[in-house]
2 protein chains.
Amino acid sequence: MVRTTPKPAVDDLDLATVLHALGDPVRLELVRRLATDGEVGCGAPDLCVPKSTLSNHWRTLREAGLTSTRIDGRNRWMTLRRADLEARFPGLLDAVLAVSAPAGH
Amino acid sequence: MVRTTPKPAVDDLDLATVLHALGDPVRLELVRRLATDGEVGCGAPDLCVPKSTLSNHWRTLREAGLTSTRIDGRNRWMTLRRADLEARFPGLLDAVLAVSAPAGH
DNA sequence: CCCAATTGTTCGATAATCCCGAACTATGGA
DNA sequence: TCCATAGTTCGGGATTATCGAACAATTGGG
């Protein structure tokens, strides 16, 4: 009875991989929602992204070590691995999340 | 008589674009060298990367707004746009540069 | 000035990656 | 059991990355 999806250990987190995962507008938005909402489901109807694409984005985030996935019935709930990220890359996530608007006007 | 290559303005810097540029092992190494050496030339013989590929990596960094290019004869000298990056994304570059080894188990 | 060597960019073809609809799996409810 | 819901996986087409080869630009030597 699997309750969580496997994920890389803290020491295995690779900076380039993490930055690559963050270097996409959709995934960046997902990370922002994780940061504000705490735990979010897989679907994101307001983002105009098909569910197969979303699923791939979540996988990219998970495999990079950014998220942890809890399985509950037929839903998956994602959370940010804030403590792990802070331990491996101090200040990185905070700096990313502190950036306000995409660019300005 | 062109002395510098055009580059995006501070307000036009996009976080996803910057993170994408940083999310590559070779470009990350180039940024590290810029941070430690101040100004570096285009060539990097010790990295096993052909010069056309290196040229593309430098272009990616420049177009993302990470670097400034000064042209001197047949050489180009790249520098990090530290102040601009700090103004637009406070703490981001420092957090990236603070990460020591790739992973080191 | 002419030529050769040096530095780096651009072009083009192959390779790798990404996107997304369709099919599939799994779970829960009627 | 049958159907609806939630997500994953598969396959192909589109996009992007890589890198050798050709090209452009500058410098130094004769």
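Each remark here, short or long, concerns the structure printed above.
Residues numbered from 1 in each chain as written. Chains lettered and ligands numbered in written order. Predicted model: local features only at pLDDT ≥ 70, side-chain atom pairs only at ≥ 80, totals over all residues. Heavy atoms only, no water.

**A closer look at the interface of chain A and chain B**
Put simply, an interface is often sized by how much accessible area is lost when its parts join up. Under the convention used in this document: Any two residues having at least one pair of non-hydrogen atoms within 4.5 Å are treated as being in contact. Here the quantity called buried area is the accessible surface, traced with a 1.4 Å probe, that two parts lose on coming together, added over both. Salt bridges are counted wherever a side-chain nitrogen of Lys or Arg sits within 4 Å of a carboxyl oxygen of Asp or Glu. Under the rule applied, a polar contact is a pair of N or O atoms within 3.5 Å (in protein, one hydrogen donor and one hydrogen acceptor; residues adjacent in sequence only if both atoms are side-chain atoms). Helix and strand definitions here come from DSSP, where helices need a minimum of 4 consecutive H or I residues and strands a minimum of 2 consecutive E residues; each element is numbered from the N-terminal end.
Contact residues are listed per partner, giving 24 residues for chain A and 24 residues for chain B. On the chain A side of the contact with chain B, Leu-15, Leu-19 and Val-99 of chain A bury the most area, a combined 26% of that side's loss. On the surface where chain A and chain B come into contact, there are zero salt bridges. Our count for the chain A to chain B interface comes out at zero residue pairs in polar contact (both at pLDDT 80 or more). Listing elements by their share of the side of chain A that touches chain B, those giving two or more residues are helix H1 (15-22), helix H2 (25-37) and helix H5 (92-98) of chain A.

**Overview of the environment of Leu-22 of chain B**
Note the cut-off: Only protein chains enter the accessibility calculation, which uses a 1.4 Å probe; a residue is then buried when its area is under 20% of its type maximum, exposed when over 50%, and partly exposed in between.
Mapped onto the fold, Leu-22 of chain B is located in helix H1 (residues 15-22). Take Leu-22 of chain B: its relative accessible area is 1%, and that puts it in the buried class. Between the C-alpha atom of Leu-22 of chain B and that of Arg-62 of chain B, which follows or precedes it by 40 residues, the distance is 11 Å. If we ignore the near neighbours within four places in the chain, the residues touching Leu-22 of chain B are Leu-19 of chain A together with Leu-28, Val-31, Leu-66 and Val-96 of chain B.

**Things to note about the packing of helix H2 (residues 25-37) of chain B against helix H3 (residues 51-64) of chain B**
Residue and element names in this part refer to chain B. Operational definition: Here, axes are lines fitted to C-alpha atoms. For helices the fit covers the stretch in contact, and angles between N-to-C directions go from 0 to 180 degrees. For classification purposes, angles smaller than 35 degrees are called roughly parallel, those larger than 145 roughly antiparallel, those between 65 and 115 roughly perpendicular, and all remaining angles oblique. In this scheme, a crossing is called left-handed if the near helix is turned counterclockwise away from the far one by less than a right angle; it is called right-handed if the turn is clockwise. Under the grouping applied here, Gly and all other residues not named as nonpolar or charged are polar, the nonpolar ones being Ala, Val, Leu, Ile, Met, Phe, Trp, Tyr, Cys and Pro and the charged ones Asp, Glu, Lys and Arg.
Relative to each other, H2 and H3 sit at 70°, their axes nearing to 10 Å. As summarised for this structure, H2 and H3 are arranged roughly perpendicular, according to the angle between their axes. In this structure, H2 meets H3 at a crossing whose hand is right-handed. Here Val-26, Arg-27, Leu-30, Val-31 and Leu-34 of H2 come into contact with H3, specifically with Leu-54, His-57, Trp-58, Thr-60 and Leu-61. Partitioning the contact of H2 with H3 into residue classes produces seven nonpolar, two polar and one charged.

**Quick look at the sheet that holds strand E1 (residues 39-41) of chain B**
By definition, the strands of a sheet pair up through backbone hydrogen bonds, in either a parallel or an antiparallel sense. Residue and element names in this part refer to chain B. The cut-off we apply is this: Strand pairing requires that DSSP identify at least two bridges connecting the strands.
Here we have three strands laid out as an open sheet, ordered E1-E3-E2, and antiparallel in their pairing. With partners counted over all chains shown, the strands left at the sheet margins are E1 and strand E2 (67-72), one partner each. Each adjacent strand pair in this sheet contributes to an overall mean axis angle of 30°, direction not counted. Pairing analysis gives three bridges linking E1 to strand E3 (residues 75-80), with the strands arranged antiparallel. Along E3, the bridge assignment pairs Val-40 with Met-78. Its contacts with the sheet put H3 on E1, E2 and E3, and the angle it makes with E2 is roughly 120°.

**Some remarks on H2 of chain B**
Note that an α-helix has 3.6 residues per turn; residues three or four places apart therefore point the same way. All names here are of chain B. For clarity, the cut-off: Expected helix span is taken as 1.5 Å per residue step, with the number of steps being one fewer than the number of residues. The directions from the helix axis to the C-beta atoms form the arc being described.
The terminal C-alpha atoms of H2 lie 18 Å apart, and with 13 residues this matches the ideal 18 Å at 1.5 Å per residue to within 8%. Taken together, the buried positions of H2 are occupied by Arg-27, Leu-28, Leu-30, Val-31 and Leu-34. Down the axis of H2, the buried set is contained in an arc of 160°. They therefore lie on one face. Of the residues in H2, the exposed ones pointing more than 90 degrees away from the buried face are Pro-25, Thr-36 and Asp-37. Of the residues flanking the start of H2, the one acting as N-cap is Asp-24, its side-chain oxygen 2.9 Å from the backbone nitrogen of Val-26. Trailing H2 by a residue or two, Gly-38 shows a phi angle of about 85°, which is positive.

**Details of the pattern of salt bridges**
Opposite charge on two side chains lets them pair, provided their charged atoms get close. Residue and element names in this part refer to chain A. Inspection of every chain in the model, using the stated rule, returns 12 salt bridges over all chains. Linking Glu-63 and Arg-59 is a salt bridge whose minimum nitrogen-to-oxygen distance equals 3.9 Å. One end of the pair is Glu-63 and the other is Arg-59, both in helix H3 (residues 51-64) and four residues apart, which spans about a single turn. Here Arg-81 ties to Asp-84 by a salt bridge, and the two come within 2.9 Å at their closest N and O atoms. Here the salt bridges do not stand alone but share partners, grouping Glu-29, Arg-33 and Asp-46 into one network.

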